[in-house]
Amino acid sequence: MIVVTGATGTLNGATVEHLLRRLPSAGIGVSVRDPARAQHLADRGVRVRRGTYDDPAALLDSFAGAEQVLLVSSSDLGADVVAQHRTAIEAAVAAGARRILYTSQQGAGPDSPYPPSAIHAATEALLAESGVAWTSLRNGFYGPLDQLLGPWEQTGTIAMPEDGPFTWVDRADAGEAAAAILTGGRPFDGPVTLTPTRAVTLDDFARFASEATGRTIERVVVDDEEWVAEQTTTGVPEAVARFTLTMFQATRTGHFGAVDPQLAELLGREPRSATELLSDDIATRSGPRSSA
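S.K.: Can you lay out the overall build of the protein chain for me, pointing to particular residues and giving the numbers?
M.R.: Secondary structure summary: the protein chain contains 13 helices and 9 strands in total. For the protein chain, whose C-alpha radius of gyration is 20 Å, the value lies close to the compact-globule estimate of 19 Å for 292 residues. Projected onto the principal axes, the alpha-carbon positions of the protein chain cover approximately 55 × 50 × 35 Å. Among the 292 residues that make up the protein chain, the fraction classed as buried is 49%. With the model as given, the accessible surface of the protein chain reaches about 13,100 Å², and the carbon-plus-sulfur share is 50%.

If you want it as structure tokens, here you go:
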């Protein structure tokens, strides 16, 4: 039995889909906040149970019988996330799991300007102390491109703070790699870096956008404090703007620029590139055009 948390989200949802291609559904379980949202998995024979990182008893039930448990990192910004992760790890150990996997991030460490990096490092330390085998999936960056690039289609500019090289990964590729690790024969002990084989910058994204649209999209570097002020005038809370700023600060101090071939090896092909992901994003937002 492999039990996956966060299976109604994009990342671990992709992992479950790839597990279903590799294993009988009876060998797969999911632990989710709202079982109704996982009905599509239950209909395919996946074991669905309720579990949250704030409810140890529910977690113990949802992890029952699992040989491996894949924990998604908590997205509850108002909580003590490391404590939530500790609760989940302890429940997996108590349920008898022989290996715990965790969706971490490239550059995990206590010295990064980006606060989640310290959370991931602290969680990895908890895993190392758990007494069972563990694997930390250090994925490259992913997420909505409009948050990374801003409203470039309307303005013709990518106006963001100074950045440096970073990796941008397709969550579908990261999910497929996680499924390959869960079902493969190699143990992958400790941290595993899962990134594309090339890092990019916002200058690269400006070039990709120009090529994709036939327009000239410029990269404009905005002063940190000026950018925070601009964000707050559009209704973004200052705390959120400053949190986002730390991501740019981490890229320009070299925390997210390293690349690794492991993701390509697990996929048996090159991961989808930032160019392809941007093209998909443009096509999705453009939508179907009327023939009238």
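Now, onward.
S.K.: Got a sec to walk through the nonpolar core? Specific residues and values, please.
M.R.: One finds Leu-148, Leu-149, Ile-158, Leu-202, Phe-205 and Leu-278 to be the most contacted residues of the largest nonpolar core, which totals 30 residues. Of all the secondary-structure elements, those providing two or more residues to this core are helix H6 (145-149), strand E7 (157-160), helix H9 (202-213), helix H10 (224-233), helix H11 (238-252) and helix H13 (274-286). Grouped together as the second largest cluster of nonpolar side chains are 28 residues, Leu-101, Leu-137, Phe-188 and Val-192 included.

S.K.: Account for the packing of H9 against H13, with residues named and values stated.
M.R.: The geometry of H9 relative to H13 is characterised by a closest axis approach of 10 Å and an angle of 50° between their N-to-C directions. Here H9 is positioned oblique relative to H13, judged by the angle of their axes. Handedness of the crossing formed by H9 with H13: right-handed. From H9, Phe-205, Phe-208, Ala-209, Ala-212 and Thr-213 reach across to H13, where they touch Ala-274, Thr-275, Leu-278 and Ile-282. A class-by-class count of the residues in the contact of H9 with H13 yields 7 nonpolar, 2 polar and no charged.

S.K.: Give a description of the side chain of Ser-130 that names residues and reports values.
M.R.: Along the chain, Ser-130 turns up in the loop between helix H5 (115-128) and strand E6 (133-139). Its relative accessible area of 17% is what places Ser-130 among the buried residues. Leave out the neighbours within four places in its chain, and Ser-130 touches Ile-89 and Val-93.

Rules used throughout
Residues numbered from 1 in each chain as written. Predicted model: local features only at pLDDT ≥ 70, side-chain atom pairs only at ≥ 80, totals over all residues. Heavy atoms only, no water. Helix = DSSP H or I, 4+ residues; strand = E, 2+ residues; numbered from the N terminus. Rg over C-alpha atoms; globule rule 2.2 N^0.38 Å. Buried < 20%, exposed > 50% of the residue type's maximum accessible area, 1.4 Å probe, protein only. Areas by Shrake-Rupley, 256 points an atom, 1.4 Å probe, with all protein chains shown as cover. Core = buried A, V, L, I, M, F, W, Y, C linked by side-chain atoms within 4.5 Å. Axes fitted to C-alpha atoms, helices over the stretch in contact; angles between N-to-C directions. Parallel < 35°, antiparallel > 145°, perpendicular 65-115°, else oblique. Left-handed = near helix turned anticlockwise from the far one by under 90°. Contact = heavy atoms within 4.5 Å. Nonpolar A, V, L, I, M, F, W, Y, C, P; charged D, E, K, R; others polar.

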